[in-house]
Amino acid sequence: MKKLVALLCITALFCGCSSNNKNSSSQPGASSGNSGTTSATEADTGSGTEEGTTENNAPTDPNIESDPSEMPVNGEQTDMSNVSNVSWDKIYRSELEEFKKSKDFGDTARFTVYDINDDLVPELIISFGELGNKTFLVRTLNDSVYTAFDPITNCDQLSYVMDRSLLTAVRYHDDIQVQNVQLYRIKSGVMANVGSFQRSNTAAKVDGVPVTDDKFDEEYNHYISGFIKSMGLDFGFDDETIDAALGDASDWKEGYEAVLNDYLKYKKQYDDNHFSLYDLNGDDIPELFVSGGYHYAPYVDVYSWNGCAVPVGTFGTDGTIGFDPDNKELISSVDNPSYTAGSVYSFDSEGNYKFTEIFSYGNTENSKQQDANAEVIYKVNGELTDKSSYESQVKEHIKKSFYVLGQDNDLTADTIKSVSQGKYKEAAKK
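A short tour of the structure in this document, coming up. All figures in this text were calculated on a predicted structure; none of them were measured in a lab.

The rules behind these values
- Residues numbered from 1 in each chain as written.
- Predicted model: local features only at pLDDT ≥ 70, side-chain atom pairs only at ≥ 80, totals over all residues.
- Heavy atoms only, no water.
- Pairing = 2+ DSSP bridges.
- Helix = DSSP H or I, 4+ residues; strand = E, 2+ residues; numbered from the N terminus.
- Axes fitted to C-alpha atoms, helices over the stretch in contact; angles between N-to-C directions.
- Buried < 20%, exposed > 50% of the residue type's maximum accessible area, 1.4 Å probe, protein only.
- Contact = heavy atoms within 4.5 Å.
- Parallel < 35°, antiparallel > 145°, perpendicular 65-115°, else oblique.
- Left-handed = near helix turned anticlockwise from the far one by under 90°.
- Phe/Tyr/Trp six-rings, centres within 6.5 Å; stacked < 30°, edge-to-face > 60°.
- Lys NZ or Arg CZ within 6 Å of the ring centre and 35° of its normal.
- Core = buried A, V, L, I, M, F, W, Y, C linked by side-chain atoms within 4.5 Å.

Quick look at the sheet that holds strand 24 (residues 403-405)
Piece 1. Pairing is antiparallel across the open sheet formed by 7 strands, whose spatial order is 23-22-21-20-19-18-24. Each edge of the open sheet carries a strand with a single partner, namely strand 23 (383-385) and strand 24. The average angle at which neighbouring strand axes cross in this sheet is 30°, direction not considered.
Piece 2. Judged from the 9 bridges that link them, strand 20 (residues 340-348) and strand 21 (residues 354-363) form a sheet pairing that is antiparallel.

Things to note about the environment of leucine 158
Piece 1. Structurally, the position occupied by leucine 158 is in strand 7 (residues 157-161).
Piece 2. When its relative accessible area of 1% is taken as the criterion, leucine 158 is described as buried.
Piece 3. Once the C-alpha coordinates of leucine 158 and glycine 232 are considered, the two residues, 74 residues apart in sequence, prove to be 7.4 Å apart.
Piece 4. Not counting residues up to four positions away in its chain, the partners in contact with leucine 158 are Ile125, Phe136, Val138, Ile152, Leu167, Thr168, Ala169, Lys229, Ser230 and Met231.

Quick look at the packing of helix 4 (residues 88-100) against helix 6 (residues 239-246)
A pair of packed helices is characterised by two quantities: the angle between their axes and the separation of those axes.
Piece 1. In the contact formed by helix 4 and helix 6, the axes pass within 10 Å of each other and the chain directions differ by 155°. One element, helix 4, and the other, helix 6, form an angle in the roughly antiparallel class. For the crossing formed where helix 4 meets helix 6, the hand is right-handed. On helix 6, the residues touching Trp88, Asp89, Tyr92, Arg93, Leu96, Glu97 and Lys100 of helix 4 are Asp239, Ile242, Asp243, Ala245 and Leu246.

Brief notes about the environment of phenylalanine 237
Piece 1. Mapped onto the elements, phenylalanine 237 comes out in the loop between strand 13 (228-230) and helix 6.
Piece 2. Spatially, the C-alpha atom of phenylalanine 237 lies 7.9 Å from that of leucine 96, the residues being 141 residues apart in sequence.
Piece 3. If we ignore the near neighbours within four places in the chain, the residues touching phenylalanine 237 are Leu96, Phe99, Lys100, Phe105, Ala109, Arg110, Phe111, Ile126 and Ile242.

Remarks on the sheet that holds strand 11 (residues 204-206)
Piece 1. As summarised here, the arrangement of the 7 strands in space is 12-11-10-9-8-7-13, forming an open sheet in which the pairing is antiparallel. Unpaired on one side and paired on the other, strand 12 (209-211) and strand 13 mark the two borders of the sheet. Within the sheet, the average angular offset between the axes of one strand and its neighbour, ignoring direction, is 30°.
Piece 2. Note: strand 9 (residues 178-187) against strand 10 (residues 190-200), 10 bridges, orientation antiparallel. Bridge pairing in strand 10 places lysine 187 opposite valine 190.
Piece 3. Lying on the sheet, helix 5 (residues 213-223) is in contact with strand 7, strand 8 (166-173), strand 9, strand 10, strand 11 and strand 12; it crosses strand 10 at an angle near 145°.

Here's the deal with the packing of aromatic side chains
Piece 1. Enumeration according to the criterion identifies 28 aromatic pairs in this entry.
Piece 2. Taking 5.9 Å as the distance between ring centres and 55° as the angle between the ring planes, the aromatic pair formed by tryptophan 88 and tyrosine 92 counts as tilted. Remark: tyrosine 92 and tryptophan 88 occur in helix 4; sequence separation between them is 4 residues, near one turn of the helix.
Piece 3. The class of tyrosine 92 is buried, set by a relative accessible area of 0%.
Piece 4. On the basis of an interplanar angle of 90° and a centroid distance of 5.7 Å, the ring pair of phenylalanine 227 and tyrosine 345 is categorised as edge-to-face. Note that phenylalanine 227 is positioned in the loop between helix 5 and strand 13 and tyrosine 345 in strand 20, a separation of 118 residues in sequence.
Piece 5. A residue is classified by how much of its surface remains accessible, and tyrosine 345, at 0% relative accessible area, is buried.
Piece 6. The ring of tyrosine 114 has lysine 229 sitting right over it, with the charged end atom 5.5 Å from the ring centre.

Details of the nonpolar core
Piece 1. Ranked by internal contacts, the top residues of the largest apolar core, which has 40 residues, are Phe111 and Leu288.
Piece 2. The leading source of residues in this core is helix 7 (residues 252-266), at 6 residues.
Piece 3. Residues in contact with phenylalanine 111, not counting those within four places in the same chain, are Leu96, Leu124, Ile125, Ile126, Gly232, Leu233, Asp234, Phe235, Gly236, Phe237, Ile242 and Ala245.
Piece 4. Counting residues in hydrophobic clusters, the runner-up holds 37 residues, among them Val73, Ala169, Met191 and Val312.

Below you can see the structure in the form of structure tokens.
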């Protein structure tokens, strides 16, 4: 398919997360756009007087026309004000236990507990189903009102754009060769459908309006950029893992032991997981970095601790992530046959446990190995620059010495038991 934009590809270039998905039209080193809204106007799209195009030559496609540009998600609200001792953890535990009894529970079922609307109360997201046909159940507690949203079905993935507090539901309709991305924002117990992106082999739409490829890319990269976190996939349904996610583990050692056992049970066989522990924020409690899949699609999952195991996000590099203790910055990079790209992030553990991208870079020098005539481009923070300026800025932001996190300890039953006793191999500087 022509220039389909996949969220995992976007993450690969903007956040360092590896891509094993559809092709991306984005360039390396792009950064998040400024705050605010930028919508397609009549001048951008035209009214469409010629068959197959709009007035400004934005192409049309019957397949996109048959695909809904708006997919609202309604919810059922329950007033909990008359219930004594209402708390999100008790409500979510009940929800998880009920789901375990349902026909939808099985080997594919996972869940996430994470604050996606910045009110310091996490949401619950449950996923189930095979890859490419997943269903996501989203639950939220706002003051004393509990909302169970309708299932988000037939999805490839549900992701969270940290910079904008947006949920994105991605669907690839192979039968009509259309990609559909719906944007949602949760506020006051309502999931608002705030935008959409659709693309086929020959055409593109933003918010249901035909646009050119360039306009599509501009709008898409404005809203879906920075750090992007997959949702609904962080935890399995074992009792100890549920306790860790909901704050019922006795301490971080017991909580991380449960998280690591979840990897050992469900992922180690395929991903050859390793892990590191390192205190990013100076609270004397280490963050947990679990790497895996580096033989085919490397990643590093990061967990923090606030009384619960908080699944902060995933980086995809070579199975490691760098940390510069002097500036308290995380360093992510990816090097493949076509491009080199990377980003530098700060980590907020005071409020919502988010990563913020503060510098990004990328170049396509590697493409010369495949095609001697390939044009080499250099980008810093999403803007084109020359080689000299590029190298100077990268040198300024990427330190030569930093901690390499993700692979200090092999993930085995013995090493997990050692973590429960506060014993593990410490991270070393590169």
